[in-house]
Amino acid sequence: MANYSGRQFKVGISTASLSSQALGTATVSGTLNEMRLTSMNDIAFEAGFQRTDYVRTGRRVQAQTDHINHYGSGTWTWGFDWLCESQAMMHTLLQQICQVADASASAVVSGDLSTLDYSHGLSSGDRVLNLVLQSPNVNEDRHMHSCMVQDLTISMDANTNAGRPSMSGTLMSGYKPVVAGEGTSIVAGTPDYAKTIFDCGTTTVAGDAVVLQSFSVTLSNPASRIGQRATTGETDGYVRAGNFEVTGSMTYKLDDLAMGHIDEYVAGGTSNAIVVSQGTDLHFNIPTAVLTGYTPSYADEGAMVEVTFKALASADAELITVKMT
């Protein structure tokens, strides 16, 4: 029997071209770009089952027929934590969760965000993803098709990975992953992104320049499976019916300006603009944010404060703009 190293497994993600791969179809379309990870997870299969112990009277030992098990009427998820190095991969994830056609310039979420069609069999647009986990055993590849990005956290810290941004999040599908040989090539590509928090010359809260140590923002746009397909129990597509939530945190120097932000929070708070920007290639703009808490740190090397926030939309104005090019 072969012994495998974790380094032998590969991850590939593509945007499905629904004109050639209708939503719910277990084929791969689009370019499978490699997501290089320090460690990878398998797909979580457990929630794809409905299991019930329906124990009846007449005996003290549970019978085999008392265990009800159905595979296919649930969901499958895959979590990741990735150090950003590929613009193509960053744009793929941003496009899916932000519901935009192209994130190569920027991804803008507006206050009038629409509800898109994610019905089974949809054959136009590029609205879902393919995930392929390539195994050294050619018969044990995993293909999770028609995926939705449920949440995406972008973070960077001056004391971690030299300030490089990371992305972490969860992919979900309501369709059974295919466990078999998947022969589509995963394109390694050349790393083409190396911007850091140190490149961000503009870091402001309510227009006040802050000395930033770390920044994290989470985009949450979860999809739910809807209905079920006959014979398989798989979903009849998805619906994104809940609110698009943007939350995050910033850690910066606890100076007089930061004291003013804390005072404002304690007094009931008003909305503040938050900007973290390098200018042309790395940019986060939240025009209307409310502070939701703070945690000071009184270390000998200098006092800092972590401030948490939530983005709000003023009428139909932008909720957040993310630019990673």
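Now for a description of the structure that goes with this document. Keep in mind the model is a prediction, meaning the values are calculated, not measured.

Rules used in this analysis
- Residues numbered from 1 in each chain as written.
- Predicted model: local features only at pLDDT ≥ 70, side-chain atom pairs only at ≥ 80, totals over all residues.
- Heavy atoms only, no water.
- Salt bridge = Lys/Arg side-chain N within 4 Å of Asp/Glu carboxyl O.
- Helix = DSSP H or I, 4+ residues; strand = E, 2+ residues; numbered from the N terminus.
- Buried < 20%, exposed > 50% of the residue type's maximum accessible area, 1.4 Å probe, protein only.
- Pairing = 2+ DSSP bridges.
- Expected span 1.5 Å × (residues − 1).
- Patch = residues over 30% accessible without salt bridge, like charges linked within 9 Å, V, L, I, M, F, W, Y side chains within 5 Å.
- Areas by Shrake-Rupley, 256 points an atom, 1.4 Å probe, with all protein chains shown as cover.
- Contact = heavy atoms within 4.5 Å.

As for the pattern of salt bridges
In step 1: Within this structure, the stated rule accounts for eight salt bridges.
In step 2: A salt bridge links Arg 36 to Glu 85, with the nearest nitrogen and oxygen atoms 2.7 Å apart. Of this pair, Arg 36 sits in the loop between strand S2 (32-34) and strand S3 (49-53) while Glu 85 sits in the loop between strand S5 (76-83) and helix H1 (87-98), placing them 49 residues apart in sequence.
In step 3: In this structure, the salt-bridge partner of Asp 236 is Arg 229, at a minimum N-O distance of 2.6 Å.
In step 4: Judged by its relative accessible area of 33%, Asp 236 is partly exposed.
In step 5: Linked through salt bridges whose partners overlap, the residues forming this network are Asp 42, Glu 140 and Arg 142.

What to know about the sheet that holds strand S16 (residues 224-225)
In step 1: Here three strands make up an open sheet; going across it, the order is S7-S17-S16 and the pairing antiparallel. Only two strands of the sheet have a single partner each, and these edge strands are strand S7 (118-119) and S16.
In step 2: Pairing of S16 with strand S17 (residues 237-239) involves two bridges; the strand directions are antiparallel. Each bridged residue has a counterpart across the sheet, and for Arg 225 the counterpart in S17 is Tyr 238.

A look at H1
In step 1: Spanning 12 residues, H1 covers 16 Å between terminal C-alpha atoms, matching the ideal 16 Å at 1.5 Å per step.
In step 2: Listed as buried for H1 are Met 89, Met 90, His 91, Thr 92, Leu 93, Leu 94, Gln 95, Gln 96, Ile 97 and Cys 98.
In step 3: Where H1 ends, the next residue or the one after it, Gln 99, has phi of about 60°, a positive value.

Quick notes on the pairing of strand S1 (residues 10-15)
In step 1: Here S1 runs beside strand S8 (residues 129-134); their pairing, made up of six bridges, is antiparallel. Directly across from Thr 15, in S8, lies its bridge partner Leu 129.

Re a nonpolar patch on the surface
In step 1: Nonpolar side chains collect at one region of the surface, where Tyr 265, Val 266 and Tyr 294 lie side by side and expose about 280 Å² of accessible area between them.
In step 2: Inspection of the secondary structure puts Tyr 265 in helix H2 (residues 256-266).

Quick word on the side chain of His 91
In step 1: Looking at where His 91 falls in the secondary structure, it is placed in helix H1.
In step 2: Judged by its relative accessible area of 8%, His 91 falls in the buried class.
In step 3: When sequence neighbours within four positions are dropped, the list of residues in contact with His 91 reads Ala 103, Ser 104, Met 324 and Thr 325.

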